[in-house]
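# Chains, contacts and geometry: an overview
Chain residues, written in single-letter form:
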Amino acid sequence: MTDFSSLLAADRGQPARTIHVVHPDRFTDWLACQPERTRTAVAANKVVGKPGNRAILPGDAADDWAILLVCNEDASSPWRIASLGDGLPAGTYRLADGEPGAAMLGWCLAQHRFTRYRKSEPQGPRVLLTGEPARIDETVRLANATAQVRDLVDTGASDLGPAELEAIVEALGRTHGARVTVTRGDALAEGYPMIHAVGQAAVKDRAPRLVELEWGDAAHPRVALVGKGVCFDSGGLDIKPSAGMRLMKKDMGGAAHMIALAGLVMAAGLKLRLHLLIPAVENAIAGNAFRPGDVLNTRAGLTVENTNTDAEGRLILGDALTKAAERTPELILDFATLTGAARVALGPDLPPLFANDDALAAEFLAAGVEAHDPLWRLPLWDGYDDMLKSDIADLVNAPDGGFAGAVTAALFLRRFVPDDIAWAHVDTFAWRPAAKPGRPKGGEALGLRAAWGLLRQRYG
């Protein structure tokens, strides 16, 4: 992984190229105050003050130059100078006015590359100076967590199955002195029947499992993080078309988010008792695959009529949420790449947030705004609960008709969370279909910084 710590440094007056970040509304006034050589360079580069315009500005000596970037991003945005992070020569840089602040994160992430399958050309680091060196460690941790989510989601399913997810959690536990326990294969059938049913058709070395990590002082408030770990989703016997299956390596994006979030929590030493739960499966097709019409038992004691084998994520989460609730945490957060309906409703960049507690929802949304990692609350609408009714079991996993698909999926999960435990569910896409500055096409952390801000505010 990229060494983000080498990309930021304390400003002690060392030589550095200057970056001028100018808002479009102030461009004309800024330009009027510049020397003739600067105005000439701006004109030669056809810079007219539109967002994204940039130019190399000559200095007094032949090898003296600076950068102009016209940018309408707020000064608190992580992405304010991200477009420069991978487009400048190697060297050291500082902002002409003010501190980079949150923009250090985008500067770092713009220089991250996923190189597992294709090596990138070696490039020297572009170092950004800051007069707030105390922010460097936090920025580096957040950059590492974001890059981890991206890298895990971008990794092909042939290289990232349930066993590999287990190994990643094991390594995380060793790093932070946490206890990791795993229930796998046929041992799931009794205690976690829905996880077992979804994953039983996978080949032996990709057997289903529930991976749990516990860390922290037992005297601190207990918080459970639950992440959907479907390492590949064929759709099961309700098989997806090839176009729908193409990106299903990313169906463990919820697990990637929660693993990265757990790492942030432990590295920062938050005052909480952490319980990470990753139900890890491959939704495969074989003679023993679970079928449409099967009635599944659950850890909670409910029965579920399986109406669609491609609605498998909510099944494995149901058992994991039940286990999390048995330890009576004060808070449960779950992340899952759960429904296409969420993308239809809100698009790829804006994950829906569901919560059974208004105060929790407000805190979560506020943390997202502060971190420039927005969420949008959708309702746990009681009026749609009847859509989950079954003629033969306690509930179905996927109602007919497709109406309010993200809402009914969240309502299904709610059946496995006691009313007296605060719970939030984020239906993240974990993918960026088109590149933006500092955010390449591919795996993406959507909601991670918001969740981190929430936990840091509560337990920091």
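Below or above, wherever it landed, is the structure these notes cover. (Residues numbered from 1 in each chain as written. Predicted model: local features only at pLDDT ≥ 70, side-chain atom pairs only at ≥ 80, totals over all residues. Heavy atoms only, no water.)

## Remarks on the side chain of glutamine 111
Test applied: Each helix is a run of H or I in the DSSP string that is no shorter than four residues. Each strand is a run of E no shorter than two, and both are numbered from the N terminus. We define a polar contact as two N or O atoms separated by no more than 3.5 Å, with the added condition that, inside protein, one atom must be a possible hydrogen donor and the other a possible acceptor, whereas residues neighbouring each other in sequence contribute only through side-chain atom pairs. Residues count as neighbours in contact if any of their non-hydrogen atoms are within 4.5 Å of one another.
With respect to the helices and strands, glutamine 111 occurs in the loop between helix 4 (103-109) and strand 6 (126-130). Of the polar contacts made by the side chain of glutamine 111, one reaches the backbone oxygen of tryptophan 107; its length is 3.4 Å. Once residues lying within four places of it in the same chain are set aside, the contact partners of glutamine 111 are Thr2, Leu7, Gly85, Pro125 and Arg126.

## Remarks on the packing of helix 10 (residues 253-268) against helix 15 (residues 448-459)
Counted only if it meets this: Working convention: axes come from line fits to C-alpha atoms, limited for helices to the stretch in contact. Angles between N-to-C directions cover 0 to 180 degrees. Here a crossing is taken to be left-handed if its near helix is turned anticlockwise relative to the far helix by less than a right angle, and right-handed if that turn runs clockwise. For this classification, the nonpolar set comprises Ala, Val, Leu, Ile, Met, Phe, Trp, Tyr, Cys and Pro, the charged set comprises Asp, Glu, Lys and Arg, and every other residue, Gly included, is treated as polar.
Running from N to C, helix 10 and helix 15 point in directions that differ by 35 degrees, and their axes come no closer than 10 Å. For the pair helix 10 and helix 15, the crossing hand works out as right-handed. Each of His257, Ala260, Leu261, Leu264, Val265 and Ala268 in helix 10 lies in contact with helix 15, whose residues at this interface are Leu448, Ala451, Trp452 and Leu455. Residue composition of the contact of helix 10 with helix 15, grouped by class: 9 nonpolar, 1 polar and no charged.

## Notes on the sheet that holds strand 5 (residues 91-95)
What counts is decided by this rule: We call two strands paired when DSSP finds no fewer than two bridges between them.
Taken in spatial order, the 6 strands make up an open sheet running 1-6-5-2-4-3, and their pairing is mixed. A single partner strand is all that each edge strand has here, and the edge strands are strand 1 (8-10) and strand 3 (54-58). Strand-to-strand twist across the sheet, computed as the mean angle between neighbouring axes with direction ignored, equals 30 degrees. Relative to strand 4 (residues 65-70), strand 2 (residues 17-22) runs parallel, the two sharing 4 bridges. Along strand 4, the bridge assignment pairs valine 21 with leucine 69. Against the sheet, helix 2 (residues 36-44) engages strand 3 and strand 4, with an angle of about 150 degrees to strand 3. With respect to the sheet, helix 5 (residues 134-154) is in contact with strand 1 and strand 6, its orientation differing from that of strand 1 by roughly 170 degrees.

## With respect to the side chain of serine 83
Following the sequence through the fold, serine 83 ends up in helix 3 (residues 82-85). Only 3.2 Å separates the side chain of serine 83 from the side chain of arginine 54, close enough to count as a polar contact. Once residues lying within four places of it in the same chain are set aside, the contact partners of serine 83 are Arg54, Leu69 and Pro437.

## Let's talk about unusual backbone geometry
One non-glycine residue, lysine 46, lies in the positive phi region at around 55 degrees. Note that lysine 46 resides in the loop between helix 2 and strand 3. Its identity is not glycine, yet threonine 328 carries a phi of approximately 45 degrees, on the positive side. Structurally, threonine 328 is set in the loop between helix 11 (313-326) and strand 14 (331-336).

## Let's talk about the packing of aromatic side chains
Stated precisely, the cut-off is as follows: Stacked, tilted and edge-to-face are the three classes assigned to paired rings of Phe, Tyr and Trp, where Trp is represented by its six-membered ring and a pair needs centres within 6.5 Å; plane angles under 30 degrees give stacked, over 60 edge-to-face, the rest tilted.
A full pass over the atoms with the stated rule returns 5 aromatic pairs. Here a set of aromatic residues connected by ring pairs shows up, and it is made of Trp65, Tyr93 and Trp107.

## With respect to the pairing of strand 18 (residues 422-427)
Which entries qualify depends on this criterion: Burial classes: relative accessible area under 20% of the type maximum marks a residue as buried, over 50% as exposed, and values in between as partly exposed (1.4 Å probe, protein chains only).
Extensive coverage of strand 18 is indicated by the burial of 6 of its 6 residues. Taking every second residue as pointing to the same face, both faces of strand 18 are buried, with Ala422, Ala424 and Val426 on one and Trp423, His425 and Asp427 on the other. The sheet contact formed by strand 14 and strand 18 spans 6 bridges and is parallel. The residue bridging leucine 333 from the neighbouring strand is alanine 424, located in strand 18. Relative to strand 18, strand 15 (residues 352-355) is paired through 3 bridges, and the arrangement is antiparallel. Opposite phenylalanine 354, over in strand 18, you have histidine 425 as the bridge partner.

## Regarding the pairing of strand 2
Both strand 2 and strand 5 contribute to a ladder of 3 bridges, which runs parallel. Considered in strand 5, the bridge of isoleucine 19 is made with leucine 95.

## Quick look at the environment of phenylalanine 290
Within the secondary structure, phenylalanine 290 is located in the loop between strand 11 (273-283) and strand 12 (295-297). Among the residues examined, phenylalanine 290 registers a relative accessible area of 3% and is labelled buried. Put simply, phenylalanine 290 and alanine 197 are 93 residues apart on the chain and 5.9 Å apart in space, counted from C-alpha to C-alpha. Look past the residues within four positions of phenylalanine 290 in its chain and what remains in contact with it is Ala197, Val198, Gln200, Leu237, Asn283, Leu296, Asn306, Thr309, Glu312 and Leu315.

## Quick word on helix 10
Inclusion rule: Given the number of residues in a helix, its expected span is that number minus one, multiplied by 1.5 Å.
With 16 residues, helix 10 extends 23 Å between its outermost C-alpha atoms, agreeing within 8% with the 22 Å of an ideal straight helix rising 1.5 Å per residue. Burial runs high along helix 10: 14 of the 16 residues are buried. Once helix 10 ends, the next one or two residues include glycine 269, with phi positive near 65 degrees.

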